[in-house]
Amino acid sequence: MKGVILAGGTGSRLYPLTKVTNKHLLPVYDKPMICYPLEKLINAGIEEIMIVSGRGHVGHFLELLGSGSDFGVSIAYEIQEGAGGIAQALGLARKWAGTDNLAVILGDNIFEDDFRNDVESFDGGAKVFLKEVPDPQRFGVAEVNGSRILSIEEKPQAPKSNLAVTGLYLYDARVFKIIRTLKPSGRGELEITDVNNVYVRKGEMEYGVLSGFWSDAGTFDSLIRAGMMVQQHRKKQVESVARR
């Protein structure tokens, strides 16, 4: 399996912090934001990773992360021209990915959970990771029945559950054929929710529910929240070691 980190966008919600750099290079506690999804993929055993970002900031990522050799992995880079949506950005990885399965993670999502078992057991179709949230109307929301996802609705006014779809997805190589069939949404973008619902309709979408903390870091409030979550997690780790 290969990994793709989607780190594009204009960062308009974090302006003026993003006036001179990409939001995924802003600090979350003691590391640049991009390091968290990168480490999550590496810890899952993924050794080939592509970062997709906008034209103005690819050089910044290259300066920070280089070829990936310092992390024991290989990092490739791709440029997304304009803001065409998450699915459009993922589509840029098609030639690089070939026929391999993919772990796709949004560059502003911070996860506590470990995904190695999910990556190692993945054998096709798609898988998303859900988290119970108090404000599901802000996210893509999954309607589930037992082990099946019935539908995913993007930012619904009347959510059918409180299970938000987080920014980590596992796909087989058919995802690129699906992306080519998409039409732009009302926002003029190719939506990842539309990709996921194709797998849902095929009956090939699995899901897991996260037990640890999760946050995006794309607004001022969520950037602070993510940093505090990481800080608290580090303190718990230190206290746990001290008790041994």
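You'll find the structure just up there.
In this report, we go over the structure that sits alongside the text. These numbers were taken from a predicted model, which means no experiment stands behind them. (Residues numbered from 1 in each chain as written. Predicted model: local features only at pLDDT ≥ 70, side-chain atom pairs only at ≥ 80, totals over all residues. Heavy atoms only, no water.)

1. Details of the overall build of the protein
The condition is simple: Think of it this way: any DSSP run of H or I at least four residues long counts as a helix, any run of E at least two long counts as a strand, and we number them from the N terminus. Put simply, the radius of gyration uses C-alpha atoms, and a globule should come to 2.2 Å times the residue count raised to 0.38. Three exposure classes are used, based on accessible area relative to the maximum for each residue type with a 1.4 Å probe and protein chains only: buried under 20%, partly exposed in between, and exposed over 50%. Contacts are assigned to residue pairs that have any heavy atoms within 4.5 Å of one another.
The secondary structure content of the protein amounts to eight helices and 13 strands. Its C-alpha atoms give the protein a radius of gyration of 17 Å, within 12% of the compact-globule value 18 Å for 244 residues. When its C-alpha atoms are laid out on the principal axes, the protein stretches across 45 × 40 × 35 Å. Put simply, the protein has 244 residues, and 51% of those count as buried. When contacts within the protein are restricted to residue pairs at least 6 apart in sequence, those whose partners lie at least 24 apart make up 71%.

2. Concerning the packing of aromatic side chains
This is how the line gets drawn: Whether two aromatic rings pair depends on their centres lying within 6.5 Å, for rings of Phe, Tyr and Trp, where Trp uses its six-membered ring; planes under 30 degrees apart make the pair stacked, over 60 edge-to-face, and the rest tilted.
Taken as a whole and judged by the stated rule, the model has five aromatic pairs. When the centroid spacing of 4.9 Å and the interplanar angle of 70° are considered together, the rings of Phe-115 and Phe-129 count as edge-to-face. Taken together, the positions of Phe-115 in the loop between strand E7 (109–111) and helix H5 (116–121) and Phe-129 in strand E8 (residues 126–132) put the pair 14 residues apart, joining distant regions of the chain. As far as the burial class goes, Phe-115 and Phe-129 line up, both buried. Summarising the aromatic geometry, the rings of Tyr-171 and Tyr-199 are spaced 5.8 Å apart at their centres and angled 25° between planes, so their arrangement reads as stacked. Residue Tyr-171 is found in strand E11 (residues 163–171), and its partner Tyr-199 is found in helix H7 (residues 192–202); the two are separated by 28 residues along the sequence.

3. Section: the pairing of strand E4 (residues 48–54)
Consecutive side chains along a regular strand alternate between the two faces of the sheet. Note the threshold: The pairing criterion for strands is at least two bridges between them, as found by DSSP. Seen with its strands pointing away from the viewer, a crossover is right-handed if its path from the first strand over the helix to the second goes clockwise.
Buried residues dominate E4, accounting for six of its seven residues. Two elements, strand E1 (residues 2–6) and E4, share four bridges in a ladder whose sense is parallel. Bridged to Ile-5 within E4 is Ile-51. Viewed along the sheet, the connection from E4 through helix H2 (residues 58–65) into strand E5 (residues 74–80) turns out right-handed.

4. So, unusual backbone geometry
What you tend to see is this: most non-glycine residues have negative phi, and most peptide bonds are trans. Backbone torsion omega between Tyr-15 and Pro-16 reads 10°, so that peptide bond is classified as cis. Along the chain, the position of Pro-16 falls in the loop between E1 and strand E2 (27–28). Located in the positive-phi region is Tyr-29, a residue other than glycine, with phi close to 60°. As for its position among the elements, Tyr-29 is in the loop between E2 and strand E3 (31–32). The class of Tyr-29 is partly exposed, set by a relative accessible area of 43%. A positive phi angle, close to 45°, is found at Lys-155, a residue other than glycine. One can find Lys-155 in the loop between strand E10 (148–154) and E11.

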